[in-house]
Amino acid sequence: MRHWISRLVKPLLGYTGYFQLYNVPFHVLPLFEYTEKRDLYQPGGINAGCSTIFDHLRDRRAPFFLSDWRRPEQENLAALDAALTKGEISFAYLYMAALDAILHREGTTGAGVQRHMAWYDAQIRRLLARAQARYTTVRLYLFSDHGMTDVTTVCDLMARIDALGLRFGHDYAAMYDSTMARFWFLNDAARTRIVRALEAEPLGHVLSDDELQRFGCDFPNTRYGDLFFLLKPGVLLCPSFMGQKPLAAMHGYDPGDQDSVAAFLSNVTPDPAPQGLADIYALMLSEAQR
Ligand SMILES: [Zn+2]
């Protein structure tokens, strides 16, 4: 039902980005702002006004291929295959997100995961061969935006906070994500009681200023929360504002955890080699400017 409401409401609000209500209670929705209102890949898509790789390509009037993230993988593959056959593009971005859903559903050792990886392998090799037949130089980069951690236990953090009897929207506000909760305190008494309740929860911890800075989450204001509580890898916050039922795997844990590591593969050796996800930007920018 929420999925269908999201689909109906999205065009009415003029949103072009990814929009999903998930499990956020209807009565708290007016307290929050939605961040991804615009299609990230189109001009002006980033809230802070930063240019994307595609903005640079548009400025240079470089012919490029861009997947439609709303369409199935098969369609985007076929569209890129057709563009490579024509041979008019100098840069292509293929978006493949189906593996994420399979991993969430089956966990990292699921049979469907193995099958889909094998399918990716065949499809990418076919595309590479197609490109190499048409172009003298083909530089291929394959990367994911996160790892995946098998869920081993759930944490009912919402019940722990609800039990305090504080009023949502008067004393505090909270956003319960799958791996973390963010809190805004509307009075000091609420802050004291919530911090004490969180300190009694062994399955996670309150992020320190040092951690927030290392994670790139030391925002200049508290619009994303006065306090961030992160769960241990493998612990799912459930129920949460993202869902009511447990999933087999989740991402969004400590970036230093072994299962948080994203994938990076290439047929060239980039110099410098990207050390983190944000480094992909500079690498793609240099490719776009070739
Ligand atoms: Zn996901």
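Cut-offs used in this document
Residues numbered from 1 in each chain as written. Predicted model: local features only at pLDDT ≥ 70, side-chain atom pairs only at ≥ 80, totals over all residues. Helix = DSSP H or I, 4+ residues; strand = E, 2+ residues; numbered from the N terminus. Buried ≥ 20, exposed ≤ 12 C-beta atoms within 10 Å, placed from the backbone. Contact = placed C-beta atoms within 7 Å. Domains from an automatic or database assignment. Nonpolar A, V, L, I, M, F, W, Y, C, P; charged D, E, K, R; others polar.

Right, let's talk about the overall build of the protein chain for a bit. What the protein chain contains, in helices and strands, is 9 helices and 12 strands. Dimensions along the principal axes, computed over C-alpha positions, put the protein chain at roughly 65 × 40 × 40 Å. Taken over 290 residues, the protein chain has a buried fraction of 16%. In the protein chain, the proportion of contacts linking residues at least 24 apart, taken out of those at least 6 apart, comes to 66%.

Let's shift gears to the domain arrangement of the protein chain. Under the domain assignment, the protein chain is made up of domain 1 (38-145 + 262-288) and domain 2 (153-250). Each of domain 1 and domain 2 was reduced to a C-alpha centroid, and the two centroids are 33 Å apart. Taken together, the contacts link 6 residues of domain 1 with 4 residues of domain 2. Class assignment of the residues belonging to the side of domain 1 that touches domain 2 gives a composition of 1 nonpolar, 3 polar and 2 charged.

The next thing to look at is the environment of Gln114. Checked against the element boundaries, Gln114 lands in helix α5 (residues 111-134). Look at Gln114 and you get exposed, because 12 C-beta atoms sit within 10 Å. Here the alpha-carbon distance between Gln114 and Arg160, two residues 46 residues apart in the chain, equals 38 Å.

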